[in-house]
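Chain and residue survey
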Amino acid sequence: MRNYWMGGVALCATAAAVIATGRLEADEPRRSGPPSGLAMAMSFNEEFDGRGLRSNVWRTAYKSCGKPGSIANRSLYGNRERQIYFDPEFLDAGVQPLAVSGGKLVITARPLSAAVKAKLDAALSRQPAKIQSSALAEARYSSGLITTKCSFEQAYGYFEIRARWTGGKGIWPAFWLLPAKGGWPPEIDIAEAHGDKPTTIFQSLHSKLQKPVTRKVTMAGTGEQFHLYAVLWTPKTLDYYIDGVKTASIPTTADASQPMYLLANLAIGGKWPGDPDGGTVMPARMEIDHIRAWRFTGRPS
């Protein structure tokens, strides 16, 4: 999703594809799962059917297997993003951007209240000077992040999310993969969007071995409707899909051939999408119906 460590997101080798599947209504079902004819079995399934997030599966900050630790793990501030990823325990502020209801996870981003901003500023004042002077000091919104770091990881397979989000300048939802062993890149971005480009999806690979490759896809319908976003990841290629239709393909680099974990989040602002403007409606939301993964039952080719 991000070039935190490189301080920005570069768009390279951009291509366009159009999906001729017609308009997708909010609750219209689409076929879930990998393309037919592949020997695969489901390896991960989150339906968000409980009363809250499963604590043994989901973390709510970067780099975290237990307590999230530093405020620096709550935003990719090198991108100059304007949100901090909260949960009710963070700063004892009682901010909850992650709600499970009706079989869906809703991530809500909203402006920080004066009281919460004061708590954030006080916490930042106790951080190293580098953190105090970073974009974290300019954070203006709370939002949410979920990751399977330390609970689920996989090399190769089919990874899918069914989701939708609100529009507007500065709204930046994403579903992506990062290496389980840490470090960056590589990074596989299954779907990223800018709220002011409602029919555009970005599908990318970041690698140490080449410049970032991003495919810019024009889809039928908009991001405010539910769609299935997926990648079929093999040792040779990353084939990207929307609603079961292949939209892009990127060769798999050697450094991207390692186990990775899942992330889904709603970022606000930053160098790439730009910051919210007067037309951006808050609170903003990302709604996730399910997240699933399949593994190859034989040797992937």
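Considering the nonpolar core
- Ranked by internal contacts, the top residues of the largest apolar core, which has 55 residues, are Phe159, Ile161, Ile188, Ile288 and Ile291.
- Considering every element that reaches this core, the biggest residue donor is strand 16 (residues 284–296), with 7 residues.
- In contact with isoleucine 288, other than residues within four places in its own chain, are Phe48, Gly103, Lys104, Leu105, Ile107, Ile161, Arg162, Ala163 and Ala264.
- Ala72, Ile84, Leu120 and Ala135 belong to the second-largest nonpolar core, a separate cluster that totals 16 residues.

Side note on the packing of aromatic side chains
- In the structure shown here, the tally under the stated rule is 13 aromatic pairs.
- With centroids separated by 6.0 Å and ring planes inclined at 70 degrees, the aromatic side chains of tyrosine 62 and tyrosine 85 adopt a geometry described as edge-to-face. Placement of the pair is tyrosine 62 in the loop between strand 1 (40–46) and strand 2 (83–85) and tyrosine 85 in strand 2, with a sequence separation of 23 residues.
- Members of the aromatic cluster, connected to one another through ring pairs, are Phe44, Phe48, Trp58 and Phe152.
- A cation over a ring is seen here: arginine 162 above phenylalanine 226, with NZ or CZ 4.5 Å from the ring centre.

A word on the sheet that holds strand 10 (residues 200–206)
- Pairing within the open sheet is antiparallel, and its 6 strands lie in the order 6-15-8-9-10-11. Where the open sheet ends on each side, the last strands, each with one partner, are strand 6 (145–147) and strand 11 (213–218). Neighbour-to-neighbour, the strand axes of this sheet turn through a mean angle of 15 degrees, independent of strand direction.
- Inspection of the sheet shows strand 8 (residues 171–179) paired to strand 9 (residues 187–192) by 4 bridges, in the antiparallel sense. Counterpart to tryptophan 176 in the pairing with strand 9 is aspartate 189.

Rules used in this analysis
- Here the residue numbering is sequential within each chain, running from 1 through the sequence in written order.
- Reporting of local features is limited, given that this is a predicted model, to residues whose pLDDT is at least 70; pairs of side-chain atoms are given and counted only at 80 or more, and all residues count toward the totals for whole chains, interfaces and linings.
- Side-chain metrics in this entry use all non-hydrogen atoms of the structure; hydrogen atoms and water are not considered.
- As used in this record, nonpolar core signifies buried Ala, Val, Leu, Ile, Met, Phe, Trp, Tyr and Cys residues forming a set joined through side-chain atoms within 4.5 Å.
- Summary of the burial criterion: residues with accessible area below 20% of their type's maximum are buried, those above 50% are exposed, and those between are partly exposed, where the area comes from a 1.4 Å probe applied to protein chains only.
- Secondary structure elements are defined from DSSP: runs of H or I of at least 4 residues count as helices, runs of E of at least 2 residues count as strands, and each element is numbered from the N terminus.
- Residues count as neighbours in contact if any of their non-hydrogen atoms are within 4.5 Å of one another.
- Note on aromatic contacts: the rings of Phe and Tyr and the six-membered ring of Trp form a pair at centre separations within 6.5 Å, being stacked when their planes are under 30 degrees apart, edge-to-face when over 60 apart, and tilted otherwise.
- By definition, being over a ring means that NZ of Lys or CZ of Arg is both within 6 Å of the ring centre and within 35 degrees of the ring normal.
- Any two strands with at least two DSSP bridges between them are considered paired.
- Only the stretch in contact is used when fitting a helix axis, every axis being a line fitted to C-alpha atoms; angles between N-to-C directions are given from 0 to 180 degrees.

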